[in-house]
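Commentary on secondary and tertiary structure
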Amino acid sequence: MSNLSVLSSRAIIGEYFRRLEQGATGWANQLSNYFTSDQAGEDYKWLGMSPAMREWVGGRMAKGLRDSAYTIKNKPFESTLEISIDDLRRDKTGQIMVRIGEQVDRANAHWAKLLSSLIIAGESAACYDGQAFFDIDHAEGDSGTQSNDISVDISAVPVPATAHGSTTAPAPEELMHAILEGAQAILGFKDDQGEPMNENARQFMVMVPTSFWKAAITAVGAPSLAGGATNIITTADGFGFNVQVNPRLTWTTKLAVFRTDGNIKPFIRQEEVPVEVSAIAEGSELEFTRRVHQYGLYASGNVGYGYWQHGCLVTLI
């Protein structure tokens, strides 16, 4: 019974809380703004741009919040682990704590899972302007028509013939070109007043499926590429690019470039109830009737689209 006392519900719940302190994964923090919620859903009217400075002529010209709001509704989420009393008693190698650790790791990765679903749906799901997040014809006010869903013909990239890859297995030189095209599109976006929106952008994340990972890290990190050509990305003074491989992406010919140093991010994380830990354990009816304990996680929140202007989908053709 001594081993059972070590793996009491108090010890197990303590392990849950210890690991939950690790929080969301890094790239989720880089690409999303975090907001708390105290109701079923939240409206985001501030997604239009604030007014630019203008010459004072005829008094002040106030600009209010946008008429169209983007609403994110909270959803409940749970994860429950059932452990038999016999397993608690017999566990000599810490395997139960390993399982608990895996459960919490998945809870900490839940934001990344939700955000990945948003990214994958970005060509069809609407953002605050009513268009798909990744779309060819965004337009607001004086912005003109703008596209953050572009294609790059890799056969036109000037590299030796032997260095060319394919749209599903591109060469580093081709990915370098595609990444720069995505960043260039972001740098050129204008707001609803016709003002440059990303003129101060300097930090970018390149999100790729696993099949692009090797070529992508070469594209952003190698000082020289095929034929000894200089890698423009590594010599772009003041600009930084980092590669984030995302195994959840179902893309085979696409990558995404995101601005990471803006005050408003491409996505929103909304949390109504942080992850809570509950247990049905010692002395419970469940223990008496089935000789098991249950440990559950619960959270309420959701994700949504922020600035489409801080992301660009690049399709290789």
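For the structure itself, consult the block above.
Okay, so let's go over this structure. (Residues numbered from 1 in each chain as written. Predicted model: local features only at pLDDT ≥ 70, side-chain atom pairs only at ≥ 80, totals over all residues. Heavy atoms only, no water.)

**A closer look at the layout of surface pockets**
In plain terms, the rule: Points on a 1 Å grid over protein atoms alone make up a cavity when a 1.4 Å probe fits among them but cannot get out, and a pocket when they form an open set with protein on both sides within 12 Å along at least five of seven lines; lining residues each have an atom within 4 Å of a point. Grid points are joined across faces, edges and corners, and a volume is the space filled by probe spheres set on the points. Secondary structure elements are defined from DSSP: runs of H or I of at least 4 residues count as helices, runs of E of at least 2 residues count as strands, and each element is numbered from the N terminus. Residues were grouped as follows: Ala, Val, Leu, Ile, Met, Phe, Trp, Tyr, Cys and Pro as nonpolar; Asp, Glu, Lys and Arg as charged; and all remaining residues, including Gly, as polar.
Its volume calculated, the largest pocket comes out at about 570 Å³. Together, 26 residues line the largest pocket, and Arg-106, Ala-107, Asn-108, His-110 and Val-275 are the ones closest to its centre. Put simply, the parts of the chain that give the lining of the largest pocket at least two residues each are strand S4 (75–84), helix H5 (95–108), helix H6 (110–120), strand S9 (267–280) and strand S10 (292–305). Grouping the amino acids of the lining of the largest pocket by side-chain chemistry returns 13 nonpolar, seven polar and six charged.

**Focus: the packing of aromatic side chains**
Quick reminder of the rule: Aromatic contacts are taken between Phe, Tyr and Trp rings whose centres are within 6.5 Å, Trp giving its six-membered ring; a plane angle under 30 degrees counts as stacked, one over 60 as edge-to-face, and the others as tilted. Remark: exposure states derive from per-residue accessible area (1.4 Å probe, protein chains only) relative to the maximum for the residue type, with buried under 20%, exposed over 50%, and partly exposed in between. Charge-over-ring contacts are defined here by two conditions on Lys NZ or Arg CZ: a distance within 6 Å of the ring centre and an angle within 35 degrees of the ring normal.
Following the criterion strictly, the structure yields ten aromatic pairs and no others. Relative to Phe-134, the ring of Phe-133 has its centre 4.9 Å away and its plane inclined at 75°; by these criteria the two rings are edge-to-face. Comparing Phe-133 with Phe-134 shows no difference in burial state: the two are buried. What links up through ring pairs into an aromatic cluster is the set Phe-133, Phe-134, Phe-258, Phe-267 and Tyr-305. One cation-aromatic arrangement involves Arg-269 over Trp-111; the distance from NZ or CZ to the ring centre is 5.7 Å.

**A closer look at the nonpolar core**
We count it as follows: We call a set of buried Ala, Val, Leu, Ile, Met, Phe, Trp, Tyr and Cys residues a nonpolar core when their side-chain atoms join them within 4.5 Å.
One finds Ile-119, Leu-255, Phe-258 and Phe-267 to be the most contacted residues of the largest nonpolar core, which totals 59 residues. Looking at which element gives the most residues to this core, the answer is helix H7 (residues 172–188), with seven residues. Of all hydrophobic cores here, the second largest spans 14 residues; its members include Ile-100, Val-104, Ala-281 and Leu-297.

**Looking at unusual backbone geometry**
In this structure, Arg-291 is a non-glycine residue whose phi angle is positive, near 55°. Here Arg-291 lies in the loop between helix H10 (285–290) and S10. Residue classification places Arg-291 among the partly exposed positions, given a relative accessible area of 42%.

**A word on the pairing of S10**
Note the cut-off: Being paired, for any two strands, means DSSP has found at least two bridges between them.
Across the 14 residues of S10, twelve count as buried, placing the element largely inside the fold. As paired strands, S4 and S10 are joined by ten bridges and run antiparallel to one another. Note on S10: the bridge partner recorded for Leu-81 is Tyr-295. Across eleven bridges, the pairing between S9 and S10 is antiparallel. The residue bridging Phe-267 from the neighbouring strand is Tyr-305, located in S10.

**Some remarks on the sheet that holds strand S6 (residues 203–208)**
Using the following cut-off: An axis is simply a line fitted to the C-alpha atoms; with a helix, the fit covers only the stretch in contact. Between two such axes, the angle follows the N-to-C directions and lies from 0 to 180 degrees.
Ordered by their spatial adjacency, five strands build an open sheet running S5-S11-S8-S6-S7, and the pairing between neighbours is mixed. Unpaired on one side and paired on the other, strand S5 (149–152) and strand S7 (240–245) mark the two borders of the sheet. Neighbour-to-neighbour, the strand axes of this sheet turn through a mean angle of 25°, independent of strand direction. Relative to strand S11 (residues 311–316), strand S8 (residues 254–259) is paired through five bridges, and the arrangement is antiparallel.

**Here's the deal with the packing of helix H2 (residues 9–20) against H5**
Stated precisely, the cut-off is as follows: Left-handed describes a crossing whose near helix is turned anticlockwise from the far helix by less than a right angle; the clockwise case is right-handed. We call two residues contacting when some pair of their heavy atoms lies within 4.5 Å.
For the pair H2 and H5, the least separation of the axes is 9 Å and the interaxial angle reads 35°. For the pair H2 and H5, the sense of crossing is right-handed. Here Ala-11, Ile-12, Glu-15, Tyr-16, Arg-19 and Leu-20 of H2 come into contact with H5, specifically with Met-97, Ile-100, Gly-101, Gln-103, Val-104, Asp-105, Ala-107 and Asn-108. Considering only residue class, the contact of H2 with H5 consists of eight nonpolar, three polar and three charged.

**Digging into the side chain of Glu-15**
Checked against the element boundaries, Glu-15 lands in helix H2. The contact partners of Glu-15, leaving out residues within four places of it in the chain, are Met-97 and Ile-100.

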